[in-house]
Amino acid sequence: MASSELSTTPDSTAWHPRPIVVAHWLTFGLLVAVFAFVLGREFVDGKALETLLLMLHRWAGLSIALLALTRLLLRTRLRLAEGTSDDPAWQRWIAGGIHALLYLFMLGLPLLGWVLSSAQGQTVNLPWGGHLPALIEPNPDLADTLEDWHGTLAWILAGLIGMHAAAALFHHWVRRDGVLAAMWPPARASR
């Protein structure tokens, strides 16, 4: 889809370009997976299964970072649908701030996880073979601190995702302004 083209529904609700919508929902799926993999480790028995879940957690985290970079590139090439909401400037400013924080966390947490793995003396293997180089020397004390930071920041990210979702639902159910429909694939499919 060209950067100047936007799809609209018969009732003039604009849709975001398909690549942006796909990347958004892929990111959401990976975020759910990254939390499920790490939290799932608390409920399994056996070192092999715990190790597998940690490996999947790392791969999903790296995928989130790559997808966040892709999304930022897409945002430079494709226009988002405009005119779906007439929010006051302060609400648009808060929404923009939350979006910026989401991107910061989606890029920063995987990097912090990589540094954490290095501090733990663990290798981050890649799904297609090879591994990431260690960023720092093993340091158990630093690893403990980084693990605390990684966990805390992950929960802050979860809170930001919750605020983002709540705002989308507010726009859909209260404002009824098409903001959620612009990003919701079933809305596009039903038209």
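Residues numbered from 1 in each chain as written. Predicted model: local features only at pLDDT ≥ 70, side-chain atom pairs only at ≥ 80, totals over all residues. Heavy atoms only, no water.

1. As for the packing of helix α1 (residues 18-40) against helix α2 (residues 47-77)
Our working rule: Fitting a line to C-alpha atoms yields each axis, with helices limited to the stretch in contact; the angle taken between N-to-C directions then spans 0 to 180 degrees. We count a stretch as a helix when DSSP gives it H or I for four or more residues in a row; a strand needs E for two or more, and each element gets its number in order from the N terminus. Working rule for angles: under 35 degrees goes down as roughly parallel, over 145 as roughly antiparallel, 65 to 115 as roughly perpendicular, anything else as oblique. Left-handed describes a crossing in which the near helix is turned anticlockwise from the far one by less than a right angle; the clockwise case is right-handed. Contacts are assigned to residue pairs that have any heavy atoms within 4.5 Å of one another.
Contact geometry of α1 with α2 gives a least axis separation of 9 Å together with a crossing angle of 160 degrees. Here α2 runs roughly antiparallel to α1, going by the angle between their axes. Crossing angle aside, the handedness with which α1 passes α2 is left-handed. Between α1 and α2, the residues in contact are Pro19, Ile20, Ala23, His24, Leu26, Thr27, Leu30, Leu31, Val34, Phe37, Val38 and Gly40 and Leu53, Leu56, His57, Ala60, Gly61, Ser63, Ile64, Leu67, Arg71, Leu74 and Arg75, respectively.

2. Re the layout of surface pockets
Which entries qualify depends on this criterion: Each cavity reported here is a set of points on a 1 Å grid over the protein atoms alone in which a 1.4 Å probe fits but cannot get out, each pocket an open set with protein on both sides within 12 Å along at least five of seven lines, and each lining residue one with an atom within 4 Å of a point. Grid points are joined across faces, edges and corners, and a volume is the space filled by probe spheres set on the points.
By volume, the largest pocket is sized at about 1300 Å³. In this structure, the largest pocket is lined by 43 residues; those nearest its centre are Ala95, His99, His164, Ala168 and Val179. Sorting the residues of the lining of the largest pocket by element identifies α1, α2, α3 (89-119) and α4 (140-175) as the ones contributing at least two each. The element that contributes the greatest number of residues to the lining of the largest pocket is α3, accounting for 11 residues. Considered as a void within the structure, the second largest pocket measures approximately 830 Å³ in volume. If you trace the second largest pocket, you find 34 residues lining it, with Val38, Leu54, His57, Leu116 and His150 closest to the centre. Looking at which element gives the most residues to the lining of the second largest pocket, the answer is α2, with nine residues.

Function-wise, these values are silent; they only describe arrangement.
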